[in-house]
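Descriptive analysis of the structure
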Amino acid sequence: CSFVDRQIIALMVGPIRRDLEISDTQMSLLMGLSFAVFYSLLGLPIGRLADRVSRRRIITWGIALWSLMTAMCGLARNYWQLFSARVGVGIGEAALSPPAYSLIADYFPRNRLGTAIGVYSLGIYLGSGLALMLGGWITGQVSGDASWTLPIVGAMRPWQVVFIALGLPGLLIALWTATIREPVRGATSGAQSATALALQEVVRYVRSHFGAFLGHNLGFALIAMVNYAWAYWVPTWLQRIHGWTPQHVGFTYGLWTATFGVGGVVVGGWLGDVIARRGYPDAKLRIGLIGITGEMASAFLFLLAPTAWMDWALIPGTFFASFGFGAAAAGVQEISPVPMRAQTSAVYLLVVNLLGQTLGPLFVATLTDYAFGDDMMIGRSLLIVTVVGLALAAAVFVPALRPFRRAVAACRAWKPETSP
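Residues numbered from 1 in each chain as written. Predicted model: local features only at pLDDT ≥ 70, side-chain atom pairs only at ≥ 80, totals over all residues. Heavy atoms only, no water.

Now for the overall build of the protein chain. Along the protein chain, the regular secondary structure elements total 18 helices and 2 strands. In terms of overall size, the protein chain behaves like a compact globule, its C-alpha atoms giving a radius of gyration of 21 Å where 420 residues would be expected to give roughly 22 Å. For the protein chain, the spread of C-alpha atoms along the principal axes amounts to about 65 × 50 × 35 Å. Across the 420 residues in the protein chain, those meeting the buried criterion constitute 54%. A sequence separation of at least 24 residues applies to 82% of the contacts in the protein chain between residues at least 6 apart. Carbon together with sulfur atoms contributes 68% to the accessible area of the protein chain, which is approximately 17300 Å² in total. (Helix = DSSP H or I, 4+ residues; strand = E, 2+ residues; numbered from the N terminus. Rg over C-alpha atoms; globule rule 2.2 N^0.38 Å. Buried < 20%, exposed > 50% of the residue type's maximum accessible area, 1.4 Å probe, protein only. Contact = heavy atoms within 4.5 Å. Areas by Shrake-Rupley, 256 points an atom, 1.4 Å probe, with all protein chains shown as cover.)

Laid out in structure tokens, this is it:
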């Protein structure tokens, strides 16, 4: 639900630009800045709150807020109203993952955590795929000055109706979420204390294992940079270079994302648990390295493949792009004591989203516009960003393996030092 609401705007660029009379730059701010900054930064205080109060309630209110604000996007009559509504979507969605990761870590024992978070994370790729498919269908249906008249709100453009239709059902999900069980903190972590901590103690622990946290967060942020570059620019590349229609892009790339992308994150999370049970406490970083290898090979396959093979050449890329991210979220939980799990998850999401979502699309556009000066070189730009980003991620992961193993051992033996 969150990823459909988050990404559907990218597939309605044409009608929104036309109706609001805005530029590409203004449109990019609606897609990126309005959402990503508030989503990333507010995760930090929300993460700290989630280590102290009911995580279920935080998630419930977050879903209700982002669903309402998605619907409010449909009521926007000018640029700044839409910008403000997108800020609200980002604020609401910031309340989801930090408490969700903490909840899941208390639902499942450590040896099943990667699989469990992999299943949770499949929503990212299922939602992204649905957004692409729905956007492709909308592009095929909407044309000219078509409009609907709705009770109370009056005349509505098709893109406005889409926002309302996608946003309001989220309120039902919020009601359902309010019924889930809030587990006991630390229920699957033995005798480890679940008492809320002073902020200084959280900072002290992270600093003492800085190599593990830095290697984990930065490595996966670099992979995310490549993935966001693909998410934003591969649909354009398919249309510009291979002549695909928006409907073809939406159905095919969306379908592969919703199936093979889902499969990749679940298999990666499960395999991380298997490797860990065989005596490798750094298994989650090893999964990242496996994913990098597969994604690098996949990039050369589909970015250099002829048009006739493109429908199938995209499949390995969607699988390996998601491969590491179930294990990534589980890795944060494995090196974080119970009372700080939501906070360290919020820092992880901050790094991944700010670096990944900001730099990936920007680097591709900059290379295409300024290094090559040719729109038709977008594939070369994608390949450069992919190779450099994934190589740097591998270079970060390898020296982080030993600090990560030490952090896992320290987390299992951790005892609180102070009272909150």
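All right, on to the layout of surface pockets then. Estimates place the volume of the second largest pocket at around 380 Å³. Forming the walls of the second largest pocket are 16 residues, and the residues nearest its centre are V202, V206, Q343, T344 and V347. Counting residues per element, the ones that place at least two in the lining of the second largest pocket are α4 (33-50), α11 (199-208), α12 (210-242) and α17 (341-372). Partitioned by chemical class, the residues of the lining of the second largest pocket number 11 nonpolar, 3 polar and 2 charged. (1 Å grid on protein atoms, 1.4 Å probe; cavity = no way out; pocket = protein on both sides within 12 Å on 5 of 7 lines; lining within 4 Å. Points joined across faces, edges and corners; volume = space filled by probe spheres on them. Nonpolar A, V, L, I, M, F, W, Y, C, P; charged D, E, K, R; others polar.)

Turning our eyes to something else, we now look at the packing of aromatic side chains. Evaluation of the coordinates by the stated rule reveals 16 aromatic pairs. Judged by centre distance (5.1 Å) and plane angle (85°), the rings of F319 and F320 are edge-to-face. For the ring pair F320 and F323, a centre distance of 5.8 Å and an interplane angle of 45° mean the geometry is tilted. Accessibility expressed as a relative area gives 3% for F323, which makes it buried. The structure contains a cluster of three or more aromatic residues connected by ring pairs, namely Y79, W80 and F83. Above the plane of the ring of F3 lies R6, whose end atom (NZ or CZ) is 3.9 Å from the centre. The residue whose ring lies beneath R6 is Y39, and the NZ or CZ to ring-centre distance is 4.7 Å. (Phe/Tyr/Trp six-rings, centres within 6.5 Å; stacked < 30°, edge-to-face > 60°. Lys NZ or Arg CZ within 6 Å of the ring centre and 35° of its normal.)

This paragraph deals with helix α15 (residues 310-322). An ideal rise of 1.5 Å per residue puts 18 Å on 13 residues; α15 measures up with 19 Å between its terminal C-alpha atoms. Of all the positions in α15, only M310, A313, L314, I315, G317, T318, A321 and S322 are classed as buried. (Expected span 1.5 Å × (residues − 1).)

Moving on, we get to the side chain of K284. Structurally, K284 is set in helix α14 (residues 283-304). Its relative accessible area of 0% is what places K284 among the buried residues. With sequence-adjacent residues up to four places away left out, K284 is seen in contact with G114, F220, G272, D273, A276, A327, A330, G331, E334 and F404.

Let's shift gears to unusual backbone geometry. Of note, E21 is a non-glycine position whose phi angle comes to about 55°, a positive value. With respect to the element layout, E21 can be found in the loop between α2 (13-20) and α3 (24-31). For E21, a relative accessible area of 72% translates into the label exposed.

Our next topic: the confidence of the model for the protein chain. Per-residue confidence for the protein chain gives a mean pLDDT of 85, with 91% of residues at or over 70. When mean pLDDT is taken per element in the protein chain, α14 scores highest with 95 and strand β1 (residues 148-150) scores lowest with 62. (pLDDT = per-residue confidence, 0-100.)

Turning our eyes to something else, we now look at the packing of α4 against α17. One can describe the packing of α4 onto α17 by two numbers: an axis separation of 7 Å at closest approach and a directional angle of 175°. Of the possible angle classes, the one that applies to α4 and α17 is roughly antiparallel. Contact residues: A36, Y39, S40, L41, G43, L44, G47, R48 and A50 in α4; A342, Q343, A346, V347, L350, N353, L354 and Q357 in α17. Taken together, the residues of the contact of α4 with α17 sort by class into 10 nonpolar, 6 polar and 1 charged. (Axes fitted to C-alpha atoms, helices over the stretch in contact; angles between N-to-C directions. Parallel < 35°, antiparallel > 145°, perpendicular 65-115°, else oblique.)

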